[in-house]
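# A closer look at the structure
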Amino acid sequence: MTPRDIEAFFANLQAERPHPQTELEYTSVFELLVAVLLSAQATDVSVNKATRRLFPVANTPRAILALGQEGLESYIRTIGLYRSKARHLMETCRLLLERHGGEVPRDRTALEALPGVGRKTANVVLNVAFGEPTIAVDTHIFRVANRTGLAPGKTPLQVEQGLLRRVPRRYLENAHHWLILHGRYVCQARAPKCQTCRVAAWCDHARGQARGR
């Protein structure tokens, strides 16, 4: 994709969804952190079902710790890897209280020092909660970036760095959401909907398919 292609690509994604948002449900930065931590290898739908039960009971680090390990597990057992996620979340809550006064830090290094919080989770929190121009590369973004030619890379970090270089700055804050939603609902893994895709005209894959017909 050329710079002109990329500009048109994001202008059309913006026109389709002027104000994109995460599909995870939350009402505070801490709730967002919990939801993203729980979403690893799980769907947003399954996480939302669990947190709708959990957050009315415990939505602060202190309240989560008060549940205890087994108590927390009882709320999230429908999510994959719930035992390890519960351990990570309990330890994260303890560290938030000990090191950050119970607040979620606006700092990548501090976020990544929390158990269960890797680069992708930190990027989501920095972007969604604090408006930082970061891009959390999940399976959807990795696929879209490579398939379209937007920012090809062999690893999530390579794709992230490519996107940060190539996406025009005015689109960076929302690029994370646009690319995830596009990958989730249009540029799907097994059957991309190129025929109805509004950005197919600027996508290397779709143009290659058209030339092959």
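No experiment lies behind these values; they were computed from the predicted model shown. (Residues numbered from 1 in each chain as written. Predicted model: local features only at pLDDT ≥ 70, side-chain atom pairs only at ≥ 80, totals over all residues. Heavy atoms only, no water.)

The subject of this paragraph is the nonpolar core. Of all hydrophobic cores here, the largest spans 36 residues; its most connected members are Leu 54, Ile 64, Leu 72, Ile 76 and Leu 111. Here this core gets 8 residues from one element, more than from any other, and that element is helix H2 (residues 29-38). Not counting the four nearest positions on each side in its chain, Leu 54 is found in contact with Val 34, Ile 64, Leu 67, Leu 72, Tyr 75 and Ile 76. Met 1, Val 144, Ala 145 and Tyr 171 belong to the second-largest nonpolar core, a separate cluster that totals 28 residues. (Core = buried A, V, L, I, M, F, W, Y, C linked by side-chain atoms within 4.5 Å. Buried < 20%, exposed > 50% of the residue type's maximum accessible area, 1.4 Å probe, protein only. Helix = DSSP H or I, 4+ residues; strand = E, 2+ residues; numbered from the N terminus. Contact = heavy atoms within 4.5 Å.)

A separate point is the layout of surface pockets. To find the voids left in a structure, one rolls a probe of water-molecule size over its atoms. Each pocket or cavity is described by its volume, and for the largest pocket that value is around 490 Å³. Lining the largest pocket are 24 residues; nearest its centre among them are Ser 39, Asp 44, Asp 138, Ile 180 and Arg 184. Counting only elements with at least two residues in the lining of the largest pocket, the list comes to helix H3 (44-54), helix H7 (119-129), helix H8 (139-148) and helix H10 (169-185). With 5 residues, the top contributor of residues to the lining of the largest pocket is H10. Here the residues of the lining of the largest pocket are counted per class, giving 9 nonpolar, 10 polar and 5 charged. Approximately 170 Å³ is the volume attributed to the second largest pocket. Forming the boundary of the second largest pocket are Pro 20, Gln 21, Thr 22, Leu 24, Tyr 26, Asn 127, Val 128, Gly 131, Glu 173, Asn 174 and His 177. Those elements giving two or more residues to the lining of the second largest pocket turn out to be H7 and H10. (1 Å grid on protein atoms, 1.4 Å probe; cavity = no way out; pocket = protein on both sides within 12 Å on 5 of 7 lines; lining within 4 Å. Points joined across faces, edges and corners; volume = space filled by probe spheres on them. Nonpolar A, V, L, I, M, F, W, Y, C, P; charged D, E, K, R; others polar.)

To continue, consider the packing of H8 against helix H9 (residues 156-166). The N-to-C vectors of H8 and H9 enclose an angle of 65°; their axes lie 10 Å apart at closest approach. The interaxial crossing formed by H8 with H9 has left-handed handedness. On H9, the residues touching Ile 141, Phe 142, Ala 145 and Asn 146 of H8 are Pro 156, Val 159 and Leu 163. Considered class by class, the residues forming the contact of H8 with H9 number 6 nonpolar, 1 polar and no charged. (Axes fitted to C-alpha atoms, helices over the stretch in contact; angles between N-to-C directions. Left-handed = near helix turned anticlockwise from the far one by under 90°.)

Here we come to the side chain of Ser 39. Examined against the element boundaries, Ser 39 turns out to sit in the loop between H2 and H3. Residues in contact with Ser 39, not counting those within four places in the same chain, are Leu 24, Asp 44, Val 47 and Lys 85.

In this section: the side chain of Glu 73. With respect to the element layout, Glu 73 can be found in helix H4 (residues 61-76). Buried charged residue Glu 73 carries no salt bridge. Nearest counter-charge: Arg 83, at 4.3 Å. Setting aside chain neighbours within four positions, we find Glu 73 in contact with Tyr 82, Arg 83 and Ala 86. (Lys, Arg positive; Asp, Glu negative; His and termini not counted. Salt bridge = Lys/Arg side-chain N within 4 Å of Asp/Glu carboxyl O.)

Moving on, we get to empty space enclosed by the protein. This model, assessed by the stated rule, comprises 1 cavity of 30 Å³ or more. Size it by volume and the largest cavity reaches roughly 80 Å³. Residue lining of the largest cavity: 15 residues in total, with His 182, Cys 187, Cys 194, Cys 197 and Cys 203 positioned closest to the centre. Taken together, the elements giving at least two residues each to the lining of the largest cavity come down to H8 and helix H11 (204-212). Looking at the lining of the largest cavity residue by residue, the class counts come to 10 nonpolar, 3 polar and 2 charged.

By themselves, these figures tell us nothing about what the structure is for.
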